[in-house]
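# Tertiary structure, described
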Amino acid sequence: MNPVLELRALDEAALVALARRLAPALDGGAVLHLRGELGAGKTTFARALLQALGVGERVKSPTYSLIESYRVGARDLHHLDLYRIADPQELEWLGLPDLADPAALLLVEWPERGGMLLPAPDLVLRLGHAGATRDLAIEANARGIALLERANLLRRA
Ligand SMILES: Nc1ncnc2c1ncn2[C@@H]1O[C@H](COP(=O)(O)OP(=O)(O)OP(=O)(O)O)[C@@H](O)[C@H]1O
Ligand SMILES: [Mg+2]
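Residues numbered from 1 in each chain as written. Chains lettered and ligands numbered in written order. Predicted model: local features only at pLDDT ≥ 70, side-chain atom pairs only at ≥ 80, totals over all residues.

## Examining the site of ligand 1
Quick reminder of the rule: Being near a molecule or strand means, for a residue, that its C-beta atom, positioned from the backbone, comes within 6 Å of it. Put simply, DSSP marks the helices as runs of H or I at least four residues long and the strands as runs of E at least two long, and each gets a number from the N terminus on.
With respect to spatial proximity, 18 residues lie near ligand 1, and among them Glu12, Gly41, Lys42, Thr43 and Thr44 are the closest. Elements with a minimum of two residues in the shell around ligand 1: α1 (12-22), α2 (42-55) and β7 (133-140). Here the shell around ligand 1 gets 3 residues from one element, more than from any other, and that element is α2.

What follows is the structure, encoded as structure tokens:
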């Protein structure tokens, strides 16, 4: 996947604003991987995105449950946090085949722990600590690039 966008020194408000801007472009299904060390802002981004999509205040961190699923209108939204997974095989127990629904939106924290059972991402967001703020690098496949263009985060080639 190609790095397509790099943003530096985002404070929390800027990260939330970015999630809100991306949300309307995700009206079809999409798979987003959220990478970055502990406390990098993955849940903050996912929560802002889910809230912008209509989940409202009920977004919980899936740190212990591994997955929190929401239905908004006819859409399935799944927020996973695989930090506590010891073996990618545990994903089968989670019912991952349902997650392969191309119309669903998947937000996955710690995707590197999911191994090959996880659907391939359209967008990979890599968050890193930068003092009190965060740097963000985004990688995208062709579908992810189209999403970023729709959100006006990337200029059309
Ligand atoms: N862009 C930002 N700038 C400064 N602080 C931020 C930013 N984004 C999130 N934070 C703060 O960083 C802390 C950790 O955020 P968050 O829980 O989203 O991280 P995480 O990547 O999900 O961590 P974990 O790996 O433990 O799940 C929170 O206190 C949050 O308010
Ligand atoms: Mg988190």
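## Some words on α1
Selection criterion: Working definition of burial: number of other C-beta atoms within 10 Å of the residue's own, with buried at 20 or more, exposed at 12 or fewer, and partly exposed in between, all C-beta atoms being placed from the backbone. What the arc measures is the spread of directions leading from the helix axis to the C-beta atoms. Residues are defined as contacting one another if the C-beta atoms placed from their backbone atoms lie within 7 Å.
For α1, the full list of buried residues reads Leu15, Leu18, Ala19 and Leu22. Buried positions in α1, seen along its axis, are confined to an arc of 100° and lie on one side of it. On its buried side, α1 packs onto β1 (2-10), α2 and β7.

## Digging into helix α5 (residues 142-150)
Those residues of α5 that fall on the buried side of the exposure criterion are Gly144, Ile145, Leu147 and Leu148. Buried residues in α5, looked at end-on, bunch into an arc of 160°, giving them a common side. Buried residues along α5 sit in contact with β1, β2 (30-35), β6 (123-130) and β7. Two residues or fewer after α5 comes Asn152, characterised by a positive phi angle close to 60°.

## As for the nonpolar core
Applicable threshold: In this description, a nonpolar core means buried residues of the types Ala, Val, Leu, Ile, Met, Phe, Trp, Tyr and Cys, linked to one another by C-beta atoms lying within 7 Å.
If you look at the biggest cluster of nonpolar residues, it comprises 37 residues, and the most contacted ones within it are Leu32, Phe45, Leu49, Leu107, Val108, Leu123 and Leu125. Among the secondary structure elements, those contributing two or more residues to this core are α1, β2, α2, β4 (75-81), β5 (105-109), β6, β7 and α5. Ranked by the residues each element gives to this core, the list is headed by α2, at 6 residues. Excluding its chain neighbours within four sequence positions, the residues that come into contact with Phe45 are Leu15, Ala19, Leu34 and Leu125.

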